[in-house]
Amino acid sequence: HRTSGSRRQAPDPHHTKKLLAASAELAGLHALTVGLQSCGVDHSSATRASFLATTSTVIVPLLATATGTAVSRKTWACAFLCVLGTALIVLSKEPATNNPSHDYASSDTDSINDTDAADDTRLGDGLILLGAVTWGVFLLRISTHARTLPVRTLKFISIIACAIRLMTSCLV
């Protein structure tokens, strides 16, 4: 209990360590999400990537349930609709290509090109989905840390750490 004339106390070193550790964890998850989704979009179409990245709206309630957190029926209904929409995109036959003018019906090597494009699309889809899972873990971890740590400071430090990690990875 503070009085109006009391001095500000020195920060608790244990609290500072916990804040820095949580920020580093969140920065790592955030940077990993960005990296996975950036690599994934190189192997998939932008349409597929955008829809697949939204699967975190399904992954978060699944992870929350797995960790014992109650999830409302409304949230599950929204998650189901997201799964349905994502399935429609994923199950489409659209191959990934950065060349929209490419004519897949123009040569005898079409089946090879289609197979390569489909494999490339699956790789991209997998990376993007893994990024969505990582983002779901990030969201659950930040909500856990927010219960015991100052949220603004946590977010600020983790964003700075994430930016540093991403900038250093660009230099390598």
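Since this is a predicted model, take the numbers as computed values, not measurements. (Residues numbered from 1 in each chain as written. Predicted model: local features only at pLDDT ≥ 70, side-chain atom pairs only at ≥ 80, totals over all residues. Heavy atoms only, no water.)

## Here we look at the overall build of the protein chain
Move 1: Scanning the protein chain for helices and strands turns up six helices and zero strands.
Move 2: Tracing the protein chain from N to C terminus, the helices and strands come up as α-α-α-α-α-α.
Move 3: Here the protein chain holds 172 residues, and 26% of them are scored as buried.
Move 4: When contacts within the protein chain are restricted to residue pairs at least 6 apart in sequence, those whose partners lie at least 24 apart make up 81%.
Move 5: Put simply, the protein chain shows about 11400 Å² of open surface, and 65% of that area lies on carbon and sulfur atoms. (Helix = DSSP H or I, 4+ residues; strand = E, 2+ residues; numbered from the N terminus. Buried < 20%, exposed > 50% of the residue type's maximum accessible area, 1.4 Å probe, protein only. Contact = heavy atoms within 4.5 Å. Areas by Shrake-Rupley, 256 points an atom, 1.4 Å probe, with all protein chains shown as cover.)

## Describing the environment of Leu140
Move 1: Structurally, Leu140 can be placed in helix 5 (residues 110-146).
Move 2: Ignoring anything within four residues of it in the chain, the contact list for Leu140 reads Val60, Leu63 and Ala64.

## Quick word on the packing of aromatic side chains
Move 1: Enumeration according to the criterion identifies one aromatic pair in this entry.
Move 2: Judged by centre distance (4.5 Å) and plane angle (15°), the ring pair of Trp135 and Phe138 falls under stacked. Residue Trp135 and its partner Phe138 are both found in helix 5; the two are separated by three residues, about one turn of the helix.
Move 3: Given a relative accessible area of 7%, Phe138 falls into the buried group. (Phe/Tyr/Trp six-rings, centres within 6.5 Å; stacked < 30°, edge-to-face > 60°.)

## Let's talk about the nonpolar core
Move 1: Membership of the largest hydrophobic core is limited to eight residues, which are Leu19, Ala22, Leu26, Leu29, Phe138, Ile142, Leu149 and Leu154.
Move 2: Of all elements in the fold, only helix 1 (13-41) and helix 5 reach the threshold of two or more residues within this core.
Move 3: Looking at which element gives the most residues to this core, the answer is helix 1, with four residues.
Move 4: Those residues in contact with Phe138 that sit more than four places away from it in its chain are Leu26, Leu29 and His30. (Core = buried A, V, L, I, M, F, W, Y, C linked by side-chain atoms within 4.5 Å.)

On their own, these measurements won't tell you what the molecule is for.
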